[in-house]
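The lines below spell out each chain.
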Amino acid sequence: MTAAPLIEARALTREFVLRRSWLPGRAQMLRAVDRVDLAVHKGETLGLVGESGSGKSTLGRCLTRLLETTDGAVVFDGQDVTHLGARGLRPFRQAVQMIFQDPSSSLNPRRRVGDILSEPLAVHGIRSPRDIPVRLRELMDLVGLPASALDRFPHEFSGGQRQRIGIARALAMEPRLIVADEPVSALDVSVQAQVVNLFADLRERLSLTYLFIAHDLGVVRQVSTRVAIMYLGSIVETGETDTVFDAPAHPYTEALLSAIPVPVADPAARRRRILLKGEIPNAANPPSGCKFVTRCPYAQDLCRAQRPALRPLVDGRLVACHFPRAGTAA
Amino acid sequence: MSPLLDVRNLRVTFATDGGPVTAVHDVSFAVQPGEVLAIVGESGSGKSVSLLSVLGLVDRRRTTVEGQATFRGEPLLGLPERALRRIRGRDIALISQDPMTALTPVHRIGAQIAEQIRAHERVGRSKARDRAVALLRDVNIPMPERAVDRYPHELSGGMRQRAVIAMALSCNPALLVADEPTTALDTTVQAQVLDLLRRLSAEHGSSVVLITHDMGVVAEMATRVAVMYAGRIVETGTVAEVFDDPWHPYTWGLLDSIPPLTGPRPRRLPSIAGMPPPPGRTEPGCPFAPRCRAAMPVCLRPPPEQVAGGHRALCVLDAPARAALRPPRVAA
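Residues numbered from 1 in each chain as written. Chains lettered and ligands numbered in written order. Predicted model: local features only at pLDDT ≥ 70, side-chain atom pairs only at ≥ 80, totals over all residues.

**As for the overall build of chain A**
Regarding its fold elements, chain A presents 10 helices and 12 strands. Here the C-alpha radius of gyration of chain A, 21 Å, is about what a compact globule of 330 residues would show, namely 20 Å. With the principal axes as the frame, chain A shows a C-alpha extent of 70 × 60 × 40 Å. Out of the 330 residues in chain A, the part that is buried amounts to 46%. Considering only residue pairs separated by 6 or more positions, chain A has 63% of its internal contacts joining residues 24 or more positions apart. (Helix = DSSP H or I, 4+ residues; strand = E, 2+ residues; numbered from the N terminus. Rg over C-alpha atoms; globule rule 2.2 N^0.38 Å. Buried ≥ 20, exposed ≤ 12 C-beta atoms within 10 Å, placed from the backbone. Contact = placed C-beta atoms within 7 Å.)

**Brief notes about the nonpolar core**
Residues Leu211 and Phe212 of chain A together with Ala38, Val209, Val218 and Val227 of chain B are the most contacted members of the largest nonpolar core, which totals 183 residues. Broken down by element, the residue count for this core peaks at 8 residues, all from helix α6 (residues 157-169) of chain B. Not counting residues within four places of it along the chain, the set of residues in contact with Leu211 of chain A comprises Val40, Leu46, Leu48, Gly60, Leu63, Leu177 and Val179 of chain A. (Core = buried A, V, L, I, M, F, W, Y, C linked by C-beta atoms within 7 Å.)

**Points about the sheet that holds strand β4 (residues 71-76) of chain A**
Residue and element names in this part refer to chain A. Spatially, the 4 strands line up as an open sheet ordered β2-β1-β4-β5, and their pairing is antiparallel. Only two strands of the sheet have a single neighbouring strand rather than two, namely β2 (28-41) and β5 (79-80). Of the strand pairs in this sheet, strand β1 (residues 5-19) and β4 are connected by 5 bridges, and their pairing is antiparallel. Each residue of the ladder has a partner; that of Ile7, found in β4, is Phe76. (Pairing = 2+ DSSP bridges.)

**A few points about helix α3 (residues 109-120) of chain B**
All names here are of chain B. Taking 1.5 Å per residue, 12 residues should reach 16 Å; α3 reaches 18 Å between its end C-alpha atoms and fits that length. Listed as buried for α3 are Ile109, Gly110, Gln112, Ile113, Ala114, Gln116 and Ile117. Of the surrounding secondary structure, the elements contacted by the buried residues of α3 are α4 (125-138), α5 (144-147) and α6. (Expected span 1.5 Å × (residues − 1).)

**Here we look at the interface of chain A and chain B**
At the interface, 35 residues of chain A touch 39 residues of chain B. Secondary-structure elements contributing two or more residues to the side of chain A that touches chain B are α6 (189-206), α7 (217-223) and α9 (251-258) of chain A. Element by element, the count of residues in the side of chain A that touches chain B is highest for α6 of chain A, at 8 residues. By residue class, the composition of the side of chain A that touches chain B is 21 nonpolar, 9 polar and 5 charged. (Nonpolar A, V, L, I, M, F, W, Y, C, P; charged D, E, K, R; others polar.)

**Observations regarding the domain arrangement of chain B**
Residue and element names in this part refer to chain B. Partitioning chain B into structural domains gives domain 1 (1-91 + 177-182 + 190-332) and domain 2 (100-170). The distance between the C-alpha centroids of domain 1 and domain 2 comes to 31 Å. Contacts between the two partners involve 9 residues from domain 1 and, on the opposite side, 10 residues from domain 2. A per-class count over the side of domain 1 that touches domain 2 returns 5 nonpolar, 3 polar and 1 charged. (Domains from an automatic or database assignment.)

**Observations regarding the sheet that holds strand β9 (residues 224-229) of chain B**
Residue and element names in this part refer to chain B. The 8 strands lie next to each other as β6-β7-β8-β3-β9-β10-β12-β11, forming an open sheet whose pairing is mixed. Either end of the sheet is taken by a strand with one partner, and the two such strands are β6 (92-95) and β11 (305-308). Here the strands of the sheet are splayed against their neighbours by 15° on average, with no regard to which way each runs. Of the pairings in the sheet, the one linking β6 to strand β7 (residues 175-179) comprises 4 bridges and is parallel in character. Along β7, the bridge assignment pairs Ile95 with Ala178. Set on the sheet, helix α1 (residues 47-54) makes contact with β3 (36-40), β7, β8 (207-212) and β9; between it and β8 the angle comes to about 140°. Across the sheet, α6 touches β6 and β7, and the angle it forms with β6 is around 170°. (Axes fitted to C-alpha atoms, helices over the stretch in contact; angles between N-to-C directions.)

**Brief notes about the packing of helix α3 (residues 113-123) of chain A against helix α5 (residues 159-172) of chain A**
Residue and element names in this part refer to chain A. Put simply, α3 and α5 touch, their axes get as near as 9 Å, and they point 20° apart. Overall, the two elements α3 and α5 adopt an arrangement that is roughly parallel. Crossing of α3 over α5 shows right-handed handedness. Between α3 and α5, the contacting residues are Val113, Ile116, Leu117, Pro120 and Leu121 on the first element and Ile165, Ala168, Arg169 and Ala172 on the second. Partitioning the contact of α3 with α5 into residue classes produces 8 nonpolar, no polar and 1 charged. (Parallel < 35°, antiparallel > 145°, perpendicular 65-115°, else oblique. Left-handed = near helix turned anticlockwise from the far one by under 90°.)

**Digging into the domain arrangement of chain A**
All names here are of chain A. Along its sequence, chain A is carved into domain 1 (5-29 + 43-231) and domain 2 (232-330). Relative placement of domain 1 and domain 2: their C-alpha centres are 28 Å apart. Contributing elements (two or more residues each) for the side of domain 1 that touches domain 2: α7 and β9 (226-231). The greatest single-element share of the side of domain 1 that touches domain 2, amounting to 6 residues, is contributed by β9. Here the residues of the side of domain 1 that touches domain 2 are counted per class, giving 7 nonpolar, 6 polar and 3 charged.

**A few points about the confidence of the model for chain B**
Per-chain confidence: chain B averages 91 in pLDDT, with 98% of residues scoring 70 or above. Scored by ipTM, the complex comes to 0.88, with pTM at 0.90. (pLDDT = per-residue confidence, 0-100.)

**Quick word on the environment of Pro260 of chain B**
All names here are of chain B. Its location among the elements puts Pro260 in the loop between α10 (249-256) and β11. Taking the C-beta count within 10 Å as the criterion, Pro260 has 18 such neighbours and is therefore assigned partly exposed. Distance in space between the C-alpha atoms of Pro260 and Ser170 is 38 Å, their sequence separation being 90 residues.

Structure, rendered in structure tokens:
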């Protein structure tokens, strides 16, 4: 890896209290993110993949400091920001922006788009009041909306256009890192492709770095330079996008890829489907040993006895599996 | 073989505050016994409304449904609610995206399935319960003897959808209408539920109408497909016909804008410019023309139909014109 990490999770853990107790150590806890080490390097798009309950959104929110971290650290551009207070965090709040699945929830319905976008510019003093109108038109141009959109209200736009406004709002802060949490999953496919292309264009034009959180593996493959796959709060595999997609090493990655319905009529053109048994176990009570052991078609005694650590394979990727499916031959 | 469900020239108009809005225009399709017909389209295309209006599941006071629809040769449209209710559940069952539309939160799963059975058949309580246990076992719910006594909130999303499938199959329906049945589920659970639907519909000999936005699900599940856009079926044919040689530029766009999982990654995904027309649109021309890369002046008039056997498309482009615009793709 040539570029330095822009943001890092170091042994990051986030727990939620399910049931409180007066007795110390007796409260029921859910560990949504379990000692995760993950770095996003400057200029790359890291795709973070997982099914519901995998902890991918919680990890994203801890990295952006929308959620407090229970244990471990968030390091941004070499600085530990885990415990910074509101004042110390101001540069971080500008440099790291988040985009959500439903942009409506982050756009004030009573205000015009121009007002929504100019407020952060003024509050953070990014532009002088005189320069704001020019900047607003620039932002509309960047996200492919007409300047007339500035005078309209969020409800006057379609879902795809609203997501473009959400992106413009994030860009207004001139961020270095954008954390996008399922930014295209609510959009119809034809519009989804437009927004996916917009993310790629912006990365090139503004030299942005993305953490792209999604459950759709096709979208993640399209936008990401590197991917990380999460299961029950842990990263089970991470590596270059093509390395992981062409030959997944973790049995969960393999099963996940095989489970996606492929839009081709010829059944011979599909991957062999690996139907997993059961569903994701309760995160409050994960299996001992490997967390995937209850559903893994290749589980052996060692997998039940010992939790595998994330370790490098010869092709450079990391995998948390005692018996990886690929990447072992030189 | 005569079709099980035959819908002809269906037109559905909603009364809205802004005047009447036609959501479905002149839609015709037939479901043969034992086949899986997929109706695919994006949100607002009219794919769900086409089916729900035929089954009498739209607000009758605010909706005008015109055209013909027959089930086993008997007319469906205009039937009184009592008669429709006898057909729904027993002969035609519905599975929707959100299992909680079919389940009540206040009763145990088993009691709800047993009630469904007893509403359509003369069966005793304990026998209906035994049938419920067998059905839950059939849809791969672990420990079905205990699951019958659970409330819906005690089950995961995937398990709830299985319980709804069990309930839908309880009366051995001839036709199963599945409206986005796996859209709310995770990928690995979706694979399990699709597998289950495929196996059970084959075992029971049920026909299926699968309403979905996912071309991948269509390819894996369906025998035939109808592509809807702006309230019309713009293309229909067997899955092989439509996926291997799509005729309508909208179908091209739908297929091409899906990011591939293998092979080279395009720098940019082919996408369809613009967005679907608003539902109240009344212009006579092709509804896709404003977004179509092959649009011509003639597209302002109603599009003709291209036909070859069962493969049809509402588009002016004939075979040579299509071949020039979109050379057949080499399989990856």
